[in-house]
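Given next are the chains, with one letter for each unit.
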2 protein chains.
Amino acid sequence: MSSRSYINDIVVSSRIRLARNLVDIPFPMKSTAEQAEQALDALENATGAGTELAFEEFEVIKVDDLNDSARMSMVERHIISPELGHNKSAATILNKDKTVSIMVNEEDHVRIQCILPGFSLYDSYAKANAIDDALQDKISYCFDEKLGFLTSCPSNLGTGMRAGVMVHIPALVLNSRLSNIANMANKFGLALRGIYGEGSDALGDLFQVSNQYSLGLTEIEIVNHIHSITKEIIKYERDERNKLLINQEDLIRDKIQRAYGILTNAYMLTTKEAMSLLSLLRMGADLEIFNGVDYSILDSIIVNIQPATLSLTFNGKVDERSRDIFRAEYIQKQLTQN
Amino acid sequence: MSSRSYINDIVVSSRIRLARNLVDIPFPMKSTAEQAEQALDALENATGAGTELAFEEFEVIKVDDLNDSARMSMVERHIISPELGHNKSAATILNKDKTVSIMVNEEDHVRIQCILPGFSLYDSYAKANAIDDALQDKISYCFDEKLGFLTSCPSNLGTGMRAGVMVHIPALVLNSRLSNIANMANKFGLALRGIYGEGSDALGDLFQVSNQYSLGLTEIEIVNHIHSITKEIIKYERDERNKLLINQEDLIRDKIQRAYGILTNAYMLTTKEAMSLLSLLRMGADLEIFNGVDYSILDSIIVNIQPATLSLTFNGKVDERSRDIFRAEYIQKQLTQN
């Protein structure tokens with residue numbers, strides 16, 4: 001089961017996150033430094049050196065050991081949440097390929113997150129579940145017969161699960177169909193959010209569709225739900241792409257070819273501009289207007305040009321201007337290397 | 001004396017035009033078809049097959065023998081004036097390299113025009129003069145001791161000469177200094193006009209500086225005049241380019257590199273957009289920001305992408321959309337061929 005086979009032109013990645021809390025230790029917002037450290041110790045022991053968890057090896061990375069750029073870069077790469085680090089003894093326990101991140105002392109003691117590329121929600125769910133089961137063999141969680149897993153925020157009560165997909169829907173955005181999709185999602189208790197930037201400023205036409213509540217449904221019901229809504233979104237996006245091709249082929253072809261021209265020649269590029277141009281290339285690859293660079297390269301560029309991740313890759317120069325110049329150089333190199 | 005040595009980054013070409021009228025034949029606006037034909041015959045005989053005029057061989061091209069595209073293309077290439085063809089038996093008598101065009105039955109019976117590349121106003125003047133002298137050995141012009149050469153429009157009375165240079169002044173345009181230049185020119189009885197498009201819509205930052213009147217000054221005085229104003233314009237444009245480099249180098253470099261990216265990748269390009277992008281490349285070549293394509297190629301592209309000239313080079317497809325697509329293809333090919 002290679003992750004490559006799951007690369008999808010519309011669904012970029014699929015994510016499952018499970019919120020759990022340890023018994024006998026106050027929730028992170030209420031715990032003392034000592035109690036937070038105790039929670040981290042428990043998780044370190046359960047996943048630590050020499051042991052394997054669901055056939056995976058893990059590494060502990062404490063947020064306090066990261067500088068700002070390194071922490072922000074992990075946020076940009078969706079490995080940790082922006083909130084991780086607000087509480088004491090915050091850490092992530094990462095597997096080798098970084099598809100599983102067990103956040104410790106986030107809003108809850110334990111947040112098991114699994115992100116897989118492409119439309120692979122069931123695989124992601126299976127993997128997160130396996131980690132969850134393996135951990136439950138070693139540690140005890142707060143669980144109520146009636147309410148399910150207990151969490152800091154009521155919205156996570158019950159399954160403690162948030163499931164979501166990251167979708168790339170430039171044609172829906174171009175044809176002003178975003179509110180239709182948002183309404184459809186809301187009807188099913190799902191939310192549509194920008195991945196980078198928020199709301200109408202969503203960058204690169206990338207959005208996350210995820211459940212808003214985790215109570216009253218089983219885990220598999222939530223996954224089924226998002227899976228079928230995502231299939232609808234894929235269908236709509238494809239319809240809108242076809243409409244663009246039929247009604248405005250010249251314009252779309254022109255936009256996509258210019259995007260490539262600017263990305264491979266500009267001297268400076270902001271994140272925002274680069275994201276929208278890369279979004280066009282990504283759609284161009286699907287419409288077979290733009291060939292020669294595949295999704296995996298485009299998707300890695302999208303992650304690597306985010307401000308903090310980019311700053312990590314070059315030395316000393318951290319002002320915005322230098323970053324914009326470096327971003328342009330980086331993109332040009334990536335797009336013209338083959 | 002190779003014309004290449006005259007290629008100049010700011011002065012694209014230098015032009016002299018002499019207006020003359022034959023004795024004994026009414027001016028073109030007043031002449032009958034027969035009289036117009038008689039005027040053309042006289043000029044054909046003076047320049048015709050077997051004879052040489054000022055060491056040049058000439059060819060007669062009648063406007064009636066040209067289709068619309070062919071005529072418009074000659075206008076775009078500045079070989080003939082837009083007005084040639086309004087009167088009967090209109091023709092141009094062209095030398096081999098098309099630097100000399102003797103227009104017959106334009107507003108006046110004879111308009112000798114010489115255009116040479118670069119800042120070569122004195123050469124252009126010498127060449128036009130030689131043709132004029134050689135013609136005066138064979139035909140007689142309307143001349144008044146007091147008024148000089150008689151012409152249809154009073155603004156051409158006297159020397160009958162219009163002298164001008166085509167200048168490329170993107171930095172003056174970018175830094176909003178155009179009105180300063182126009183005022184300076186006006187003070188000396190000169191006019192500043194867009195070459196393609198008019199006024200504020202002047203395309204490609206290309207302008208013509210020429211005398212408005214030809215009475216009261218000798219021919220050489222007019223040429224001296226324009227020559228020294230042009231030297232001032234060159235100096236101002238260079239100053240403004242240096243200011244751009246000092247104050248906004250990043251921005252200018254970015255603009256120029258993007259211009260190249262769009263010109264070599266766009267699927268469609270209008271004349272207007274292509275002209276302004278090519279203008280940036282032309283300036284980029286001077287500022288050594290953009291290398292690899294020299295002025296002569298850029299200048300030939302600028303002429304060849306004008307609508308009628310472009311239409312001549314492809315078959316059948318003459319709608320605007322096809323022309324914009326073909327223009328983009330043509331530019332891409334020209335810019336990437338070396």
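What counts, and at which threshold
- Residues numbered from 1 in each chain as written.
- Chains lettered and ligands numbered in written order.
- Predicted model: local features only at pLDDT ≥ 70, side-chain atom pairs only at ≥ 80, totals over all residues.
- Heavy atoms only, no water.
- Buried < 20%, exposed > 50% of the residue type's maximum accessible area, 1.4 Å probe, protein only.
- Helix = DSSP H or I, 4+ residues; strand = E, 2+ residues; numbered from the N terminus.
- Arc of directions from axis to C-beta.
- Contact = heavy atoms within 4.5 Å.
- Buried area = accessible area lost by both parts, 1.4 Å probe.
- Salt bridge = Lys/Arg side-chain N within 4 Å of Asp/Glu carboxyl O.
- Core = buried A, V, L, I, M, F, W, Y, C linked by side-chain atoms within 4.5 Å.
- Least-squares fit on C-alpha atoms with pLDDT ≥ 70 in both.
- Pairing = 2+ DSSP bridges.
- Axes fitted to C-alpha atoms, helices over the stretch in contact; angles between N-to-C directions.
- pLDDT = per-residue confidence, 0-100.
- Phe/Tyr/Trp six-rings, centres within 6.5 Å; stacked < 30°, edge-to-face > 60°.
- Lys NZ or Arg CZ within 6 Å of the ring centre and 35° of its normal.

All names here are of chain B. Of all the residues in helix α5 (residues 178-187), the buried ones are Ile-181, Met-184 and Ala-185. Summarising the axial view, the buried residues of α5 lie within an arc of 100°, below the 170-degree limit, and thus occupy one face. If you follow the buried residues of α5, they end up packed against α4 (170-174), β9 (190-194) and α6 (219-263). Looking one or two places after α5, you find Gly-189, whose phi comes out positive at around 70°.

Right, let's get into the interface of chain A and chain B. Taken together, the contacts link 17 residues of chain A with 17 residues of chain B. It is A:Asp250, A:Arg258 and A:Tyr267 that lose the most area in chain A upon contact with chain B, and together they represent 39% of the buried surface on that side. For the pair chain A and chain B, the number of links is four salt bridges. Among the ionic pairs, A:Asp250 bridges to B:Arg321, the shortest N-O distance being 2.1 Å. When contributions to the side of chain A that touches chain B are tallied by element, the ones reaching two or more residues are α6 (219-263) and α10 (320-336) of chain A.

So, on to the nonpolar core. One finds A:Leu269, A:Ile331, B:Leu269, B:Leu281, B:Ile331 and B:Leu335 to be the most contacted residues of the largest nonpolar core, which totals 69 residues. Elements that contribute at least two residues to this core include exactly α6, α7 (271-286), α8 (295-304) and α10 of chain A together with α6, α7 (271-286), α8 (295-304) and α10 (320-336) of chain B. Once you skip the residues sitting within four places of it in the chain, B:Leu281 turns out to touch B:Ile256, B:Ala259, B:Tyr260, B:Leu263, B:Phe290, B:Leu298 and B:Leu335.

Right, let's talk about the relation of the copies chain A and chain B for a bit. The transformation that overlays chain A on chain B combines an axial shift of 0.1 Å with a rotation of 180°, and the residual RMSD is 0.0 Å. On the angle and the small slide along the axis, the relation comes out as a two-fold axis. For chain A, the minimum C-alpha distance to the rotation axis belongs to A:Gly261 and amounts to 2.1 Å. Here 100% of the contact residues of chain A are again contact residues in chain B; the copies associate through an equivalent surface.

On to the sheet that holds strand β5 (residues 110-117) of chain B, then. Residue and element names in this part refer to chain B. With respect to topology, eight strands assemble into an open sheet ordered β2-β3-β4-β5-β1-β8-β10-β9, the strand pairing being antiparallel. Either end of the sheet is taken by a strand with one partner, and the two such strands are β2 (58-62) and β9. Adjacent strand axes in the sheet meet at a mean angle of 20° when their direction is disregarded. In the sheet, strand β4 (residues 100-104) pairs with β5 via five bridges, with the strands oriented antiparallel. From the neighbouring strand, Ile-102 faces β5, where its bridge partner is Ile-112.

Here we come to the sheet that holds strand β3 (residues 91-95) of chain A. Residue and element names in this part refer to chain A. Taken in spatial order, the eight strands line up as β2-β3-β4-β5-β1-β8-β10-β9 in an open sheet, and their pairing is antiparallel. At either end of the open sheet lies a strand with only one pairing partner, and these are β2 (58-62) and β9 (190-194). Each adjacent strand pair in this sheet contributes to an overall mean axis angle of 20°, direction not counted. Of the pairings in the sheet, the one linking strand β1 (residues 11-20) to strand β8 (residues 161-168) comprises seven bridges and is antiparallel in character. In the strand pairing of β8, Arg-15 is matched with Gly-164.

Moving on to the pattern of salt bridges. Opposite charge on two side chains allows them to pair when their charged atoms are near. Residues and elements named next belong to chain A. A complete count under the given rule lists 40 salt bridges over all chains for this structure. Taking the shortest distance from any N to any O, the salt bridge between Glu-240 and Lys-243 comes out at 3.1 Å. Residue Glu-240 and its partner Lys-243 are located together in helix α6, separated by three residues, close to a single helical turn. The buried category is assigned to Glu-240, whose relative accessible area is 6%. Classification of Lys-243 by relative accessible area gives partly exposed; the value is 38%. Each of the salt bridges in this network shares a partner with another, and the network as a whole consists of Asp-9, Glu-237, Arg-238, Arg-241 and Asp-286.

What follows deals with the confidence of the model for chain A. Residues and elements named next belong to chain A. Taken residue by residue, chain A gives an average pLDDT of 88. The fraction at 70 or more is 93%. Taken together, the stretch residues 1-6 has pLDDT below 50 and engages in ten contacts with residues farther than four places along the chain or on a different chain. Taken together, the chains of this predicted complex give a pTM of 0.81 and an interface ipTM of 0.78.

Below, the discussion takes up the packing of aromatic side chains. Considering all chains together, one arrives at six aromatic pairs over all chains under this definition. On the basis of an interplanar angle of 75° and a centroid distance of 6.3 Å, the ring pair of A:Tyr141 and A:Phe149 is categorised as edge-to-face. Of the two residues, A:Tyr141 and A:Phe149, both sit in the buried class. For the pair B:Phe143 and B:Phe149, a centre-to-centre distance of 4.9 Å together with 75° between the ring planes defines the contact as edge-to-face. A residue is classified by how much of its surface remains accessible, and B:Phe149, at 10% relative accessible area, is buried. An aromatic cluster is present here, built from A:Tyr141, A:Phe143 and A:Phe149 joined pairwise through their rings. Of note, B:Arg20 hangs over the ring of B:Phe149, and the distance from its end group to the ring centre comes to 3.6 Å. If you follow B:Arg253 out to its NZ or CZ, it ends over the ring of A:Tyr267, 5.4 Å from the centre.

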